[in-house]
Each structure stands twice: as structure tokens, then as C-alpha cells.
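Structural characterization, general
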Amino acid sequence: MSERKYAIVGTGALGGYYGAKLQKAGSDVHFLLKRDYGKVSQDGLLVESKDGNFTLPQVNAYSDVAKMPKCDVVIVALKTTQNHLLPKLLPSIVKNDGIVLALQNGLGVEEEIAEILPKVHIIGGLCFLCSNKVGAGHIHHLDYGQIILGEYAHGYSSMGITDRMQQIAHDFQAAGISIELVEDLLLGRWKKLVWNIPYNGLSVVLNARTDELMADTYTRTLVEQLMYEVKAGAISMGRNLPDSFIQTMLDYTVKMKPYRTSMKIDYDECRPLEVEAIVGNPLRKAQEVGVNLPQINCLYHQLKFLDGRNRIGQLTVDS
Ligand SMILES: NC(=O)c1ccc[n+]([C@@H]2O[C@H](COP(=O)([O-])OP(=O)(O)OC[C@H]3O[C@@H](n4cnc5c(N)ncnc54)[C@H](OP(=O)(O)O)[C@@H]3O)[C@@H](O)[C@H]2O)c1
Ligand SMILES: CC(C)(CO)[C@@H](O)C(=O)[O-]
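Looking up the chain in an unreviewed UniProt entry gives the name 2-dehydropantoate 2-reductase, with the organism given as Trichormus variabilis. One UniProt comment on the chain, placed under Function (unreviewed entry), says "Catalyzes the NADPH-dependent reduction of ketopantoate into pantoic acid." You can read under Catalytic activity (unreviewed entry) in the UniProt record for the chain the words "(R)-pantoate + NADP(+) = 2-dehydropantoate + NADPH + H(+)".

One pass over the structure, following the stated rule, counts 21 salt bridges. Notably, a salt bridge pairs D28 with K5, separated by 2.9 Å at the nearest N-O pair. One end of the pair, D28, is in strand β2 (residues 28–32); the other, K5, is in strand β1 (residues 5–9), with 23 residues separating them in the sequence. Here D28 falls in the partly exposed class, since its relative accessible area comes to 28%. D51 serves as the salt-bridge partner of K50, at 2.7 Å between the closest nitrogen and oxygen.

With 20 residues, helix α8 (residues 217–236) extends 29 Å between its outermost C-alpha atoms, agreeing within 8% with the 28 Å of an ideal straight helix rising 1.5 Å per residue. Buried within α8 we find T219, V223, L226, M227, E229, V230, K231, G233, A234 and S236. Between a side-chain oxygen at the N-terminus of α8 and the backbone nitrogen of Y218 the separation is 2.9 Å; the capping residue is D216. Downstream of α8 by a residue or two, G238 has a phi angle that is positive, lying close to 80°.

Further remarks concern the site of ligand 1. Every one of the 22 residues lining ligand 1 counts as a neighbour, but L14, R35, N105, S131 and E274 are closest to it. R35 places a polar side-chain atom, nitrogen or oxygen, 2.8 Å from an oxygen atom of ligand 1. Within the side chain of N105, an N or O atom sits 2.9 Å from an oxygen atom of ligand 1. Protein chains bury 89% of the 890 Å² of accessible surface belonging to ligand 1 in isolation.

Moving on: the site of ligand 2. Taken together, N105, C127, F128, L129, C130, K192, W195, N196, Y252, M256 and Y259 make up all the residues around ligand 2. Here an oxygen atom of ligand 2 and a side-chain polar atom of N105 are 3.1 Å apart. Between ligand 2 and L129 there is a distance of 3.4 Å, counted from an oxygen atom to a backbone nitrogen or oxygen. For ligand 2, the protein covers 97% of the area, taking 290 Å² as the surface of the free molecule. Among the secondary structure elements, those contributing two or more residues to the shell around ligand 2 are β8 (121–135) and α6 (185–205). With four residues, the single largest contributor to the shell around ligand 2 is β8. Tallied by class, residues from the shell around ligand 2 come to eight nonpolar, two polar and one charged.

UniProt annotation of "domain: Ketopantoate reductase N-terminal" (unreviewed entry) refers to residues 6–153 when read in the numbering used here. In the segment residues 6–153, helix accounts for 21% and strand for 43%; the C-alpha atoms at its two ends are 22 Å apart.

Where helix α4 (residues 109–116) is concerned, the buried positions are V109, E110 and I113. Viewed end-on, α4 has its buried residues packed into an arc of 95°, placing them on one side of the element. Taken together, the buried residues of α4 touch β6 (71–76), α3 (86–89), β7 (94–102), β8 and α6.

In the contact formed by α8 and helix α9 (residues 243–255), the axes pass within 10 Å of each other and the chain directions differ by 140°. By the criterion of interaxial angle, the relationship of α8 to α9 is oblique. At the point where α8 passes α9, the crossing takes the right-handed sense. Residues R220, V223, E224, M227, Y228 and K231 of α8 touch α9, and the partners they reach there are D243, I246, Q247, M249, L250 and V254.

Now for the state of the cysteines. Scanning the model with the defined rule gives zero disulfides in all. Of the cysteine sulfurs around C127, a residue in no disulfide, the closest is that of C130, at 11 Å. Residue C127 is classed as buried on the basis of its relative accessible area of 7%.

Rules and cut-offs
Residues numbered from 1 in each chain as written. Chains lettered and ligands numbered in written order. Predicted model: local features only at pLDDT ≥ 70, side-chain atom pairs only at ≥ 80, totals over all residues. Heavy atoms only, no water. UniProt positions renumbered as here; feature names shortened; annotations may be inferred. Salt bridge = Lys/Arg side-chain N within 4 Å of Asp/Glu carboxyl O. Helix = DSSP H or I, 4+ residues; strand = E, 2+ residues; numbered from the N terminus. Buried < 20%, exposed > 50% of the residue type's maximum accessible area, 1.4 Å probe, protein only. Expected span 1.5 Å × (residues − 1). Polar contact = N/O pair within 3.5 Å; in protein donor to acceptor, adjacent residues only side chain to side chain. Near = heavy atom within 4 Å. Areas by Shrake-Rupley, 256 points an atom, 1.4 Å probe, with all protein chains shown as cover. Nonpolar A, V, L, I, M, F, W, Y, C, P; charged D, E, K, R; others polar. Arc of directions from axis to C-beta. Contact = heavy atoms within 4.5 Å. Axes fitted to C-alpha atoms, helices over the stretch in contact; angles between N-to-C directions. Parallel < 35°, antiparallel > 145°, perpendicular 65-115°, else oblique. Left-handed = near helix turned anticlockwise from the far one by under 90°. Disulfide = S-S within 2.5 Å.

So this is what it looks like as C-alpha cells:
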């Protein structure tokens, strides 16, 4: 059993899934919740998974970080649209010499955390997971689950494989979660964007699932062109990814069960979209060094329009 105490900041589709798996395997896990606090503190968590369903009738649930213990590993599992809350949520729950593990999609989260907590260790994780929160404390794990872990250092210089990464890998593997350790977190993040930028973006703009995007010649071409622009973005930051990786992502998606991306689900539910973390930040990083990514730029502006209109719609519905 792990000696490390874990905090899950954002007990949704991803945080609820990995946190529940860690607790089931014997880790000491503390879950921060918002709307689901009442139900989860009463009834715990239910994970419906293709690998087998399980319940945790009792979990350490909190609605306020002031009541949480200091933890060795704090897992950031909010949507990136809520990252403006991190300066309030993180400082009191990370031990001195503790680790913040950012499991969100997109680019730039480790830099945001380093500004809030310059002394903690920061590890980034790219999650190849298909999971949805279908009710309060009710997680539906559809597929996959592997995490690629890399440690962050200022300017995304490579830290190699650290003991801290190995300790976390040990706990996750003991919980049945597949882990790969990488020396270069920035390269890992750009590789994940090869998937997230085209599929998340186009699924919203074109109102389509992944299988629909891959079945049509025109949209498949768009996906591929966007992937090559992500590669150009990576190169602008001194990282290269082989063309064969693009082919691997295309093949991976063809083999996936038809999937409504998380950005599409957010759009359909009139929730804010993770446009800035997934599309805006990579675009700006490339622009800062004089590299223009025209198709990603076009996608960004379309998504900003749709996101803005959705939010106005939501205000009208709420008022
Ligand atoms: N789901 C996946 O399969 C998957 C795969 C790869 C990467 N990711 C990435 O993982 C990140 C999390 O995504 P997700 O799908 O897990 O989103 P999610 O289901 O919406 O989970 C986020 C959770 O954070 C909670 N939260 C928001 N504000 C909070 C606050 N102030 N205090 C405590 N809890 C708060 C939300 O609670 P309320 O519902 O009460 O607001 C929600 O349960 C995203 O960056 C996403 O792109 C997800
Ligand atoms: C790419 C993905 C659908 C599955 O690996 C998931 O990781 C995601 O939504 O980012």
C-alpha cells in the first residue's frame, strides 16, 4: 500500500475515475468536489467501467480546501476553464516538497502552477482516457486509461526520469492504471495535441463524432492537415514528432469506438469549452516565435465564436 496521501482537485470524469482506482488499491485519497459534495459524502463513488464496475461506499469528500489535509500528491483534474481557481485551491493542500500532478489536456498548465507554487515539484500527465461523469459521483469509464508522465522544469527543459515520477507510476500501476514515463514533457504535450486539436475542435465546429470525421474524405483530410500544423507548432518550440506518429493517431481513431469528444459534450451541455488550453495556448506559443498556423488559427476563431454564443445562450436560459 502507498504511503503517499493523494488529493483530487475536481472529482469528475477523470479525477473521479483515477482517484477511485487509487483508493480501491489502498491509497489514501481525498476528493474535492463542488456540486456533487452532498451526494458523494453520503454515498461515495460508483465507477461503471468496461474493466468491471465497482463502488466505494465511503470516500474522504470535501467541499472546502481549508478542511483538507496537506497531501504528498495533488492531482489537478478540473476542466482548464476553471484554472483561474488554482491560486485559491492549491497552496494549502500541497505538502512542502510535495508534488502537483496536472492531468489536464492542453498546453501551459504546468507554467500556471509554477507561478502559483514556485517551490513544488510539478509533473504533467497526458491521459489517454475516455470517461464521462454521468451523475453525481457516478463515473462511466468507456475505454483506455493510460497516462504518460513527464516532470516539468522551467522552460520545459527535460528533467529525465525522476524518482518522483517512478513513485507515482508505482501507485498508479498498483491500481491497474498503465503508465509510461517520458523524459520530455513538452514533446508529450504536443503529441497529445495532435489528437485533441483536430478532433475536439472539428467535432464542435462540424457537429460530428470521431467516426464521422474519419469516414468522410473531406473531413479526414482536414484532420490530417491540422495534425501536420500541430507538428509545425511542436517544431516551433524545438520538438519534432515523426510523421509516422500522425499516421498512428489516425489509425488509433479509426479503431476507436465512435466517440463524442469532451469538447463536443461541453458544447452540447452549454458548458465553457477548453479552447484556450487546447487551441489558443499552442497557437500563441508558435506565434511568439514567428510561426503562423493558419488552419489552427481559423479553428480557434470559429471555436471562440461558438463558445461565446453558447455562453450568451446559457445566460439567457439561466435568467
Ligand atoms: N474525461 C476524459 O476522458 C478525459 C480524457 C483526457 C483528458 N481529460 C482532461 O481532464 C480534465 C478534466 O476533465 P473531465 O472530463 O474530468 O471534466 P469534468 O467531468 O467536468 O470534471 C471536472 C470536475 O471538476 C469539478 N469542479 C469544478 N470546479 C470546482 C471547484 N471549484 N471545486 C471542486 N471541484 C470543482 C466539477 O464539479 P461540478 O460538476 O460540480 O462543477 C467536475 O466534477 C480536462 O482538462 C480534460 O480535457 C479528460
Ligand atoms: C484522445 C482521447 C479521446 C482518448 O485517448 C482522450 O484522451 C481525450 O479526450 O483527450
